[in-house]
Each structure stands twice: as C-alpha cells, then as structure tokens.
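# Inside the fold
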Amino acid sequence: MRSVERDATGTSDMFSAGSGCWFTQKVLCWRAAASIAWSVLLLPATTAAFVVLSKLSVLHPLRMLADCASVLVSAGAVFSFILLAGVVIAVGFLTFEYYTVVPTIACSKVALLGRLLHPRQLLYCLAHGLMGVVVGWCCAVTIGYRYETLASPCPQKDGDGPAHMCLNEHHLLLLLEGGFVGLSHGLLGVIHNMNYVSFGTVQQHKYLCFKGSLPLAVKCSAAQSFYSVRNFLGFYFFLGHVPRAWICRSLSLHLDSSAHPLDSISGLLDLSLLYHLWISAAYLLFSWYITLLLFRIFVTEAYSFPVQSTFTEEAPQCLPKVLSEKQPMILKFLALQDLSLLSQHSPSRRSQVFSLSQPGGHAHNWNAISKECLSLLAELTQRLVLHHESVATNGRTKSLSSSGERKTSSESSGTEDSMSSRPAFLMKTPASVFLRSMGAGPLSPLTSPFTPDLDSPFAPPTLRRLAAPPDLGSPWHGSVQSPHVLRRAPKLWSTSTDSQANGSPPASPASLPSPKPESSRPSFLAQFFQNRREQVKLFLAKRVLVMYLFTKLPEASSQALFADGQAHIWALEGLSYLVQASFTEDQFGVVQTTLPSILSCMLLLQEAVDRHFKLPHASSKPVKSPVSLGDSSHKTLRFALRATLKTAIYRITSTFGAHLHAVQMSAEHRKRLQHFLEYKE
C-alpha cells in the first residue's frame, strides 16, 4: 500500500522514492492497515445491532430474539457480512488515498463547483455510490420479509395464464436508497472536507479517543440518515418511475398492478418502510464513520523521532532531517508535533537539541531545528504581508494594469496614504500568498481565494470605471475649480501646481508617467476583439446567477491563509519552550546566538497577524457547522495561532526579563518587546 498526499486540485503524489518513503512504508501504511482491521473487527457488533433494530418488536420480544438469531446464523447473512467487510476495506482504502492534513478551502461557489466536478472527486463520489448499493442489498437480505429479493412471482387471477415475475419495488427502493446515501456521503465529504485529518490538542490513548468520538458518530449517522432519506424520498417521488421502468425493461419484469406504486403519497406513507429506510441509511453511515474515525485516530498518533543517531543510515529518520522534508506532509506535521511535545515534556531529548557535535563543537541539531521553524514563521509572515498589500486595512486596493504588470513599491507610506480609496473587493489576491509553508510549488494545498479583479468578466462597469487609469488630458483630472463637481478621478501623481499649493516640493520629472509610443498601440483587429470582450464582461456582470457563483465567500481568504496554521502553532510552541528551557539547561549557549532572530521573527509575525485581523471578516467567528463528522477546526486556526504567538512571546519575556535589553534588535522591535515585558499587549 502506498501513501498519497493531495493538493488543492485533488491531484496525488505517489511516494515511490525519496527520504520520506521509509515513514510511508514502515509507519503510515501499518497505521492505516490497523485502522481498517479494527473497522472490520467492529463490524459484527454493528451488524448485530442493525439486525436487532430491524427486527424490533416490543410486543413480542422472544420472537424478535429468535428471528435475530436465525438471521445471524443464516447463509445469506454470512455472505452479506463478507460483502460488508469488503465494502469497509474499500472505504478505508479510499480514505487512505484521499486524506489530507491541509484542508482545501473553496473561496467561491464556482470554486466549490469546480472541486465537485473534478474527475478525481467524481470518481470518489461514484465509488461511494456503488458501495452504497452493495450495502443496500445486504440490508435488504438481512431484513428479509418483503425486501429479500428483487423479483417475485406475480399474483395470479383465477389461475389463468403462465406465471410471470414481477418487480419487488421494496427491494429496489433499498438498493436505490443505498446508492443515493453513498453518493450524497461522497459529495458532502468533498464539500465539508471530511477527509481532512486534524491533530488533537490533548494527547490521549487511542481507546479514549475512540470512546469519546463514538457518541458523535452515532448522532451524526442518525441525523444525516434522516436528511438523506428525506431527500431520497423526494427524488423517488418525482423520478422513481425512471429507474423502475429501466429495471423492468432490462430484466424483463412486470409491475404488480395490485400493489400501490411506491412513488406515490400512499405508497411512501408506510411507517414500516420509512423506518427500515432510515435504519438502513444509519447503519451504512455509521459503519463508514467508524472507519473514518479510526483512521484519524491511528494516523494522528504521536510519533517520537530520534534527535540524533549513531549510525549514518539512520540520519534521515532524525528530527532535524525530517523537519526539512516536504513530502509526505503528514510526516512534517508529526515531526513538528514531536518537537512541540519534546520541548515541553522531555528534558533528556532537549539536552540532545542543545548538545554540540563531536568533533567540531557545532550545534547542528539546534541550528537545523531553529532554521526550519524560523523559515516556517517567516513564510507565514511574508504570506500575510503580501495579502495585506493587496487588500489595504481601510478597504483600498492597489492599482493594477490591465496587462497584469505590477507597479514597483518604491513609494513611501505617505504616498500610499494620499492615494484615493477604492473598493476592496476589486483586489486580485496574488497566487504567492497561498503557497504552502512546506515549499512553494504546484502541489499547493490551498485554493487561492477568488476575488473579482479589474480584468474579471464579472466586475461591475461602475467599479471598472473607478479603477481605470486617469487620463492626464481629461478635464476631470487634476484640480477642478468648479464647486459643482463632486467626483474626481484618483490623482496618482501630483502636478507641480498642486505640490506648491500644498507646500510640498515639486514632483520630479521621473515620477511623471511618460506617454506611450505610437508603436505600442494595439492594432485594429486587437481593438475589435477587446471591445467584444468588454461587451461580454458587461453582459455577464448583469446576470445575478453569475455574480452569485463568483462572489467571494466570507472569511474564505482568511481561512485559506491559515489552512496550514497547525504547523506554525507547533513551530511557535517548540521554539518558545526550547528558548525558555535554555535559560537553565543550555550549558553551551547555543540558543543565545539565534535569540535575536527568534524574537525579531516572532515580533514581525505578531505585527502581520495584528494587521490581518483588522481586515473585514478576519476577526469574525465562523458559523457553527451543522451535525456532521467533517472536521471544521481549520476555520478557527487563525485565532489559535494568534493566541499561541502571543503566549510564545510572553513565555520568552517572562523567563528572560530584563536580560532581553542586551539583545540586539531594531528600535521598533525593542519598543514592541517592551510592551510584552510590561504586560501591556
């Protein structure tokens, strides 16, 4: 079995080679296999509970127990159990193939639709739909009675005519319900990031984790099965005749004219039928939820990496080396988790981090660990800075040319403050904002938030006119003396008259835009296509449905920026606890050489985080998600990271105290650090 790591588009990366292959083969595959094995071992108890509930009879308990015992030992039940075990193994394998430690966040309705229509995700949903049909057949055979077979002899009238086989619509209903529930489970899994594997804050034994998650699995399966059955009944009421006619035509079956069709109100208002549909859907979802829960528990179990090794062949398995790995992502996450636990609870392993190499006397372990953690924090800082440059704090946007060329940022902050404000939602977020902290590349787990830009075909014409570059020759540009003119185009360059009137020195000639040469003007054909393109943009911008699909979802950009925030949280905890412990345990002073870099990096990140939380929707709490087993902890990672960052700085300042005045840093950082020393942050 080979591990697969996913990116935002659903593509996969097989780890057939590389230094992370040892972890995949020796640890990850065995953990996944153990979770699947436990799911199969728990299947008999789940199946027995389903049989008891399907045969439930309060007035005749002894007959109910006898029926349950006869069903459980029958040949059909044994064959059904074998099929169910195969389905559970297939579900576990799909979970292993599609899991991710960094969630994929769709920042618009069209982005979410694109995810659902991706071939890889469609295959995932269709596979669950097919397995749902198999589970529905097993449930029909287990329940028995009128659900046991798909075809049954037609009732004869007066014994005339040859015997015909009629369609058993109750059996067909269970089969279609299983496929519908399986398909909807796959779709909801893609929408709610159900294959996202998060790491628990508190380390617990696997048994305690499973015991605590079991009530949630029961609740989610019961509630979700109710909604699935409701939706399925509506589907079957309107379109049930289509699969029924196709089955009859394919298998040469007849319809029983004496029975009420189930795609009618009288046919669906059968309490026994509704109960069996609900209990079958709940059994299907519960068995799959158990598989998913066990996989999460086993895969996220803490793993202890050696800090240093005696033998050369074991060096790739050491913590400093593993922290620098890019793939598989779960290996890096487990290494950062181990670093956080090591820094808090293991003095012996901390001493290995602070130790010097022999011979040479170099702090290779500390240098490698601190370098990787600082690079993670610096990357997040750069990501936030780039995002803030694209969306200003007060809602202004930077000017972007239609060709996508970027202006140089040589202007001072005072020049930026003099620029006229523009709507914030016109800003196009740069793709570099959403590169992974584990290395930029095409395998980025984050979805770049969709924000309509000036080139978007759906930008309103009014906003496009506001964002258009000013015409220097236009009477609307520059100083307008008429008091009746209320709107002026943005003045990006002040004229000499305005500068002298304001008391500022005249602008240099280099700052004035030079007119475009005649050779750069587009040809007639290019201008024709450009005009047609603008007409299409204006037409689509007036369509409400198009704007609804392309409108940016609230908080999506902020959630995408911090989607891998758990890694940064562990990096902050590991660094801060190691620096705190170095005050008494670092005999060689290896930490003191990098203490200025650590403090500067944390203070820069603190400033970037504070600026980000002033943006719209960044500080708003996410809406409580409905009853679902999908993990939504990624929606609050930005709040957890902000709290962890402030706690990490306070941990260092409270330990070193006034000694930090001797640390070399800039005046701005020293002033900000003084606030932490005085507990004013």
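The rules we used
- Residues numbered from 1 in each chain as written.
- Predicted model: local features only at pLDDT ≥ 70, side-chain atom pairs only at ≥ 80, totals over all residues.
- Heavy atoms only, no water.
- Helix = DSSP H or I, 4+ residues; strand = E, 2+ residues; numbered from the N terminus.
- Contact = heavy atoms within 4.5 Å.
- Areas by Shrake-Rupley, 256 points an atom, 1.4 Å probe, with all protein chains shown as cover.
- Buried < 20%, exposed > 50% of the residue type's maximum accessible area, 1.4 Å probe, protein only.
- Arc of directions from axis to C-beta.
- Disulfide = S-S within 2.5 Å.
- Patch = residues over 30% accessible without salt bridge, like charges linked within 9 Å, V, L, I, M, F, W, Y side chains within 5 Å.
- Salt bridge = Lys/Arg side-chain N within 4 Å of Asp/Glu carboxyl O.
- UniProt positions renumbered as here; feature names shortened; annotations may be inferred.
- Phe/Tyr/Trp six-rings, centres within 6.5 Å; stacked < 30°, edge-to-face > 60°.
- Axes fitted to C-alpha atoms, helices over the stretch in contact; angles between N-to-C directions.
- Parallel < 35°, antiparallel > 145°, perpendicular 65-115°, else oblique.
- Left-handed = near helix turned anticlockwise from the far one by under 90°.
- Nonpolar A, V, L, I, M, F, W, Y, C, P; charged D, E, K, R; others polar.
- Core = buried A, V, L, I, M, F, W, Y, C linked by side-chain atoms within 4.5 Å.
- Domains from an automatic or database assignment.

### Focus on the overall build of the chain
When helices and strands are counted, the chain shows 25 helices and 4 strands. A separation threshold of at least 6 residues defines the contact pool for the chain, and within that pool the share at least 24 residues apart is 78%. Within the structure as shown, the chain displays about 34,300 Å² of accessible surface, and the carbon and sulfur contribution to it stands at 63%.

### Side note on helix H25 (residues 667-677)
Among the residues making up H25, those that are buried are His669, Arg672, Leu673, Phe676 and Leu677. Summarising the axial view, the buried residues of H25 lie within an arc of 155 degrees, below the 170-degree limit, and thus occupy one face. Pointing more than 90 degrees away from the buried face of H25 are the exposed residues Ala667, Glu668 and Lys671. On its buried face, H25 sits against helix H23 (595-612) and helix H24 (637-656). Remark: Tyr679 follows H25 within two positions and exhibits a positive phi of approximately 55 degrees.

### Some remarks on the state of the cysteines
Evaluation of the coordinates by the stated rule reveals 1 disulfide. Here Cys154 engages in a disulfide with Cys166; their sulfurs sit 1.6 Å apart. Judged by the torsion about the S-S bond (115 degrees), the Cys154/Cys166 disulfide is right-handed. Highlighted residues: Cys154 in the loop between strand E3 (151-153) and strand E4 (165-167) and Cys166 in strand E4, separated in sequence by 12 residues.

### Some words on a nonpolar patch on the surface
A contiguous nonpolar patch, built from Phe235, Phe237, Phe238, Leu239, Val242, Ile265 and Leu269 and spanning about 710 Å² of accessible area, is present on the exposed surface. Ranked by the residues each element gives to the nonpolar patch, the list is headed by helix H8 (residues 206-239), at 4 residues. Mapped onto the secondary structure, Phe235 falls in helix H8.

### Some words on the UniProt feature "transmembrane region" (unreviewed entry) in the chain
Mapped onto this numbering, the UniProt entry annotates "transmembrane region" (unreviewed entry) at residues 32-53, 65-92, 124-145 and 273-295. Within the segment residues 32-53, helix and strand shares are 95% and 0% respectively, and the terminal C-alpha atoms sit 31 Å apart. As annotated, residues 65-92 comprises 93% helix and 0% strand, and the C-alpha atoms at either end are separated by 32 Å.

### A short note on the packing of aromatic side chains
In the structure shown here, the tally under the stated rule is 27 aromatic pairs. Relative to Trp570, the ring of Phe333 lies with its centre 6.2 Å away and its plane at 80 degrees, an arrangement referred to as edge-to-face. One end of the pair, Phe333, is in helix H13 (residues 329-345); the other, Trp570, is in helix H22 (residues 565-585), with 237 residues separating them in the sequence. Ring plane angle 75 degrees and centroid distance 5.7 Å describe the contact between Phe528 and Phe529, whose orientation is recorded as edge-to-face. For Phe529, a relative accessible area of 52% corresponds to the exposed category. Each member of the aromatic cluster is reached from another via a ring pair, and the members are Trp22, Phe23, Tyr303 and Phe305.

### Here's the deal with the side chain of Ser576
Structurally, the position occupied by Ser576 is in helix H22. Apart from residues no more than four positions distant in its own chain, Ser576 is found in contact with Met602, Ala648, Arg651 and Ile652.

### Concerning the packing of helix H15 (residues 364-390) against H22
Taken N-terminus to C-terminus, the directions of H15 and H22 make an angle of 135 degrees; their axes are 10 Å apart at the nearest point. In terms of their interaxial angle, H15 and H22 are classed as oblique. Where H15 crosses over H22, the handedness of that crossing is left-handed. Between H15 and H22, the residues in contact are Trp366, Ser370, Cys373, Leu374, Leu376, Leu377, Glu379, Leu380 and Arg383 and His568, Ala571, Leu572, Leu575, Leu578 and Val579, respectively. When the residues that make up the contact of H15 with H22 are grouped by side-chain class, the tally is 11 nonpolar, 2 polar and 2 charged.

### Overview of the environment of Ile143
Following the sequence through the fold, Ile143 ends up in helix H6 (residues 119-143). Since its relative accessible area comes to 3%, Ile143 is described here as buried. Along the backbone, Ile143 and Ala77 are 66 residues apart, and their C-alpha atoms lie at a distance of 9.7 Å. Setting aside residues up to four positions removed in sequence, Ile143 forms contacts with Phe50, Ser54, Lys55, Leu174, His276 and Ser280.

### Comments concerning the pattern of salt bridges
Tallied over the entire structure, the rule returns 11 salt bridges. A salt bridge links Lys206 to Glu301; the shortest N-O distance between them is 3.3 Å. With Lys206 in helix H8 and Glu301 in the loop between helix H11 (271-299) and helix H12 (319-323), the pair connects residues that are 95 residues apart, well separated along the chain. In this structure Lys206 comes out as partly exposed when scored by relative accessible area, which is 25%. In this structure, Arg383 engages Asp564 in a salt bridge whose closest nitrogen and oxygen atoms are separated by 3.1 Å. With a gap of 181 residues between them, Arg383 in helix H15 and Asp564 in the loop between helix H21 (556-561) and H22 connect regions that are remote in the sequence. Asp564 matches Arg383 in its accessibility class, with the two residues each being buried. The structure contains a network of salt bridges with shared partners spanning Glu169, Arg244 and Asp263.

### A few points about the packing of helix H2 (residues 43-54) against helix H3 (residues 61-72)
The contact between H2 and H3 brings their axes to 9 Å, and the two run at 135 degrees. Viewed along their axes, H2 and H3 adopt a mutual orientation that is oblique. In terms of crossing hand, the pair formed by H2 and H3 is right-handed. Contacts between H2 and H3 pair Ala48, Val51 and Val52 from the former with Met64, Cys68, Val71 and Leu72 from the latter.

### With respect to the nonpolar core
Within the largest apolar cluster, 82 residues are counted, with the highest numbers of intra-cluster contacts made by Phe23, Phe305, Ile330, Trp366 and Met602. Structurally, this core is a two-domain feature, drawing no fewer than three residues from each of domain 1 (38-156 + 164-300) and domain 2 (337-351 + 363-393 + 554-621 + 628-678). Of all hydrophobic cores here, the second largest spans 55 residues; its members include Leu94, Ala217, Ala281 and Leu629.

### A word on unusual backbone geometry
The amide bond that connects Gln327 to the next residue, Pro328, takes the cis arrangement and shows omega of -10 degrees. With respect to the helices and strands, the residue Pro328 is situated in the loop between H12 and H13. Backbone geometry at Asn193 places phi at a positive 55 degrees, although glycine is not the residue there. Within the secondary structure, Asn193 sits in the loop between helix H7 (169-191) and H8. The phi angle at Ser252 is positive, at roughly 55 degrees, despite the residue not being glycine. Within the secondary structure layout, Ser252 lies in the loop between helix H9 (241-251) and helix H10 (265-268). With relative accessibility at 58%, the residue Ser252 sits in the exposed group.

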